[in-house]
Amino acid sequence: MHTVWKGAISFGLVHVPVKMFSATEDKDISLRYIHKECGSPLSYVRKCPVCDKEVAWEEIGKGYEYDKGKFVLFDKEELEQLTEQSTKNIAILDFVDLTEIDPIYFQKTYYLSPDQAGANAYRLLMEAMRQTGKIGIAKISIRSKSSLAAIRVLADCLAIETIFYPDEVRPVSQVPGLPEPGIVNDKELDMAKLLISQLSTPFEPGKYTDDYRQRMLDLITHKIAGEEFHIAPARQESNVIDLMAALQASIEAVQHIPSDPGPSAASAKTKGAASRKKTAAAKPAKTADGAAVVNEATGPIPVIAPKPKRRTAKSKEPGA
């Protein structure tokens, strides 16, 4: 993993040197803008509209627009002085229960590992938090932005999650079109609660996949192979008019299927086989031994995997 930050956690007079690593990665498939006439990728030019010329990075500064067309300018040294006191320290302010924090506050998760000779202090903090069931609320500066953060134990590692400040979370009162408080139909409520109970299960993140990304990878593979690829349109959902009937149908759909369903199961199996044949063309072509798709003109088609997004000089994290 790439180190994005180095510093220390402090609580009371205890000092724990740590290194920070991104705990998540963006696997979105990045598409570039292409000039249709010649097929070349387009580039982004930093151009001054007044001087009518391209501007090099070393000629670019930062400014705040306090009024239309009026800016106060900052040089690099001024901005560094604002953050130099806080960029190397994660000061734990309080210890709280994780359940007290609404998920709306969470931003991004990082892993922390001990740095230098901080293994003993790191282990001490982690075990103390594990046994007390508490998490630490701290302040940290990343990318020249001050954030609140929650430090918690994750397996045998300390994780830190940046969280929004309260004034950065918009109040619910600003949401338009919310229904007025009213009485809920008791029968419909009981049916809805029963449906929730039927669909309740332990959280298993491994069973959730990005279907859109997989379809995009399949499409890319077929296009490289020079094959036609069509995706069947999604079934149009009708507007629900009878809420009670919809709840009843939903509950029946998730109820346990009998072990010996009878002749209807064989019919469904036959229909399923026919359906799979129809949809086989939507999957990447493979040979009998599982080999990759082959184009007679270009040869084997490589396995397509999403590339991690490249970070520009503007978006690099401290410590890179």
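Since this is a predicted model, take the numbers as computed values, not measurements.

Colleague: What is the right way to look at the sheet that holds strand 8 (residues 106-114) in this model?
Modeller: In a beta sheet, neighbouring strands are held together by backbone hydrogen bonds and run either parallel or antiparallel to one another. A barrel is described by the order of its strands in space; here seven strands give the closed sequence 1-2-8-11-10-9-7, paired in mixed fashion. Across the sheet, the mean angle from the axis of one strand to that of its neighbour is 40°, orientation sign disregarded. Note: strand 7 (residues 89-96) against strand 9 (residues 135-142), five bridges, orientation antiparallel. Across the sheet, Asp94 pairs through a bridge with Ile137, a residue of strand 9. Contacts between helix 2 (residues 119-132) and the sheet are confined to strand 1 (3-11), strand 2 (14-22), strand 7, strand 8, strand 9, strand 10 (145-154) and strand 11 (157-163), with strand 11 contributing the most and set at about 70° to the helix.

Colleague: What am I meant to see in the side chain of Thr109 here?
Modeller: Residue placement: Thr109 occurs in strand 8. A distance of 3.5 Å separates the side chain of Thr109 from the side chain of Glu161, its partner in a polar contact.

Colleague: Can you walk me through the pattern of salt bridges in this structure?
Modeller: Should the charged atoms of two oppositely charged side chains come close, the side chains can pair. Summed over all chains, the structure comprises six salt bridges. Among the salt bridges present, the one from Lys47 reaches Asp52, with a minimum N-O distance of 3.1 Å. We note that Lys47, like Asp52, is exposed. Between Asp156 and Arg130 there is a salt bridge whose closest N-O contact spans 3.5 Å. Note that Asp156 is positioned in the loop between strand 10 and strand 11 and Arg130 in helix 2, a separation of 26 residues in sequence. Here Asp156 falls in the exposed class, since its relative accessible area comes to 63%. Overall, Arg130 belongs to the partly exposed group, its relative accessible area being 35%. In this structure, a network of salt bridges that share partners links the residues Glu127, Arg130 and Asp156.

Colleague: I would appreciate a short explanation of the pairing of strand 11 in the present structure.
Modeller: Consecutive side chains along a regular strand alternate between the two faces of the sheet. The element strand 11 is largely enclosed, with a buried count of seven among its seven residues. The two faces of strand 11 match: Cys157, Ala159, Glu161 and Ile163 on one face and Leu158, Ile160 and Thr162 on the other face are all buried. Bridge analysis of strand 8 against strand 11 gives five bridges, and the strand direction is antiparallel. Of the residues in strand 11, the one forming a bridge with Tyr110 is Ile160. Taken together, the seven bridges between strand 10 and strand 11 define a ladder with antiparallel strand orientation. Of the residues in strand 11, the one forming a bridge with Leu154 is Cys157. Here strand 10 folds back onto strand 11, and the loop between the two strands holds two residues, one of which, Ala155, carries a positive phi near 60°.

Colleague: Explanation requested: the packing of aromatic side chains in the structure shown.
Modeller: Here the distance between the centres and the angle between the planes together describe a pair of aromatic rings. Within the structure shown, the criterion is met by two aromatic pairs. Pairing Phe11 with Phe95 gives two aromatic rings, centres 6.3 Å apart and planes at 85°, and the pair type is edge-to-face. Taken together, the residues span a long stretch of sequence, with Phe11 in strand 1 and Phe95 in strand 7 at a distance of 84 residues. Relative to Tyr208, the ring of Phe203 lies with its centre 6.0 Å away and its plane at 20°, an arrangement referred to as stacked. The ring of Tyr110 carries the charged tip of Lys108 above its face, separated from the ring centre by 5.5 Å.

Colleague: What am I meant to see in the nonpolar core here?
Modeller: Soluble globular proteins tend to pack their nonpolar side chains together in the buried interior. Core analysis: the biggest nonpolar cluster contains 24 residues, and Ile9, Met20, Ile90, Ile151, Leu158 and Ile160 have the highest contact counts within it. Looking at this core, the elements that each hand over two or more residues are strand 1, strand 2, strand 7, strand 8, helix 2, strand 9, strand 10 and strand 11. With five residues, the single largest contributor to this core is helix 2. Once residues lying within four places of it in the same chain are set aside, the contact partners of Leu158 are Ile9, Tyr110, Tyr111, Leu112, Tyr122, Leu125, Met126, Met129, Ile151, Arg152 and Val153.

Colleague: Please clarify how the environment of Cys48 should be interpreted in this entry.
Modeller: Within the secondary structure, Cys48 sits in strand 3 (residues 47-48). The class of Cys48 is partly exposed, set by a relative accessible area of 22%.

Colleague: What exactly am I supposed to notice about the packing of helix 3 (residues 186-199) against helix 5 (residues 243-254) here?
Modeller: Geometry of a packed helix pair, given as the angle between the helix axes and the separation of the axes. Running from N to C, helix 3 and helix 5 cross one another at 25°; their axes reach a closest spacing of 10 Å. On the basis of the axis angle, helix 3 is roughly parallel to helix 5. Crossing geometry of helix 3 relative to helix 5 is assigned as left-handed. Contacts between helix 3 and helix 5 involve Lys187, Glu188, Met191, Ala192, Leu194, Leu195, Gln198 and Leu199 on the former and, on the latter, Leu243, Met244, Leu247, Gln248, Ser250, Ile251 and Val254.

Here is what the cut-offs are and how they apply
Residues numbered from 1 in each chain as written. Predicted model: local features only at pLDDT ≥ 70, side-chain atom pairs only at ≥ 80, totals over all residues. Heavy atoms only, no water. Pairing = 2+ DSSP bridges. Helix = DSSP H or I, 4+ residues; strand = E, 2+ residues; numbered from the N terminus. Axes fitted to C-alpha atoms, helices over the stretch in contact; angles between N-to-C directions. Contact = heavy atoms within 4.5 Å. Polar contact = N/O pair within 3.5 Å; in protein donor to acceptor, adjacent residues only side chain to side chain. Salt bridge = Lys/Arg side-chain N within 4 Å of Asp/Glu carboxyl O. Buried < 20%, exposed > 50% of the residue type's maximum accessible area, 1.4 Å probe, protein only. Phe/Tyr/Trp six-rings, centres within 6.5 Å; stacked < 30°, edge-to-face > 60°. Lys NZ or Arg CZ within 6 Å of the ring centre and 35° of its normal. Core = buried A, V, L, I, M, F, W, Y, C linked by side-chain atoms within 4.5 Å. Parallel < 35°, antiparallel > 145°, perpendicular 65-115°, else oblique. Left-handed = near helix turned anticlockwise from the far one by under 90°.

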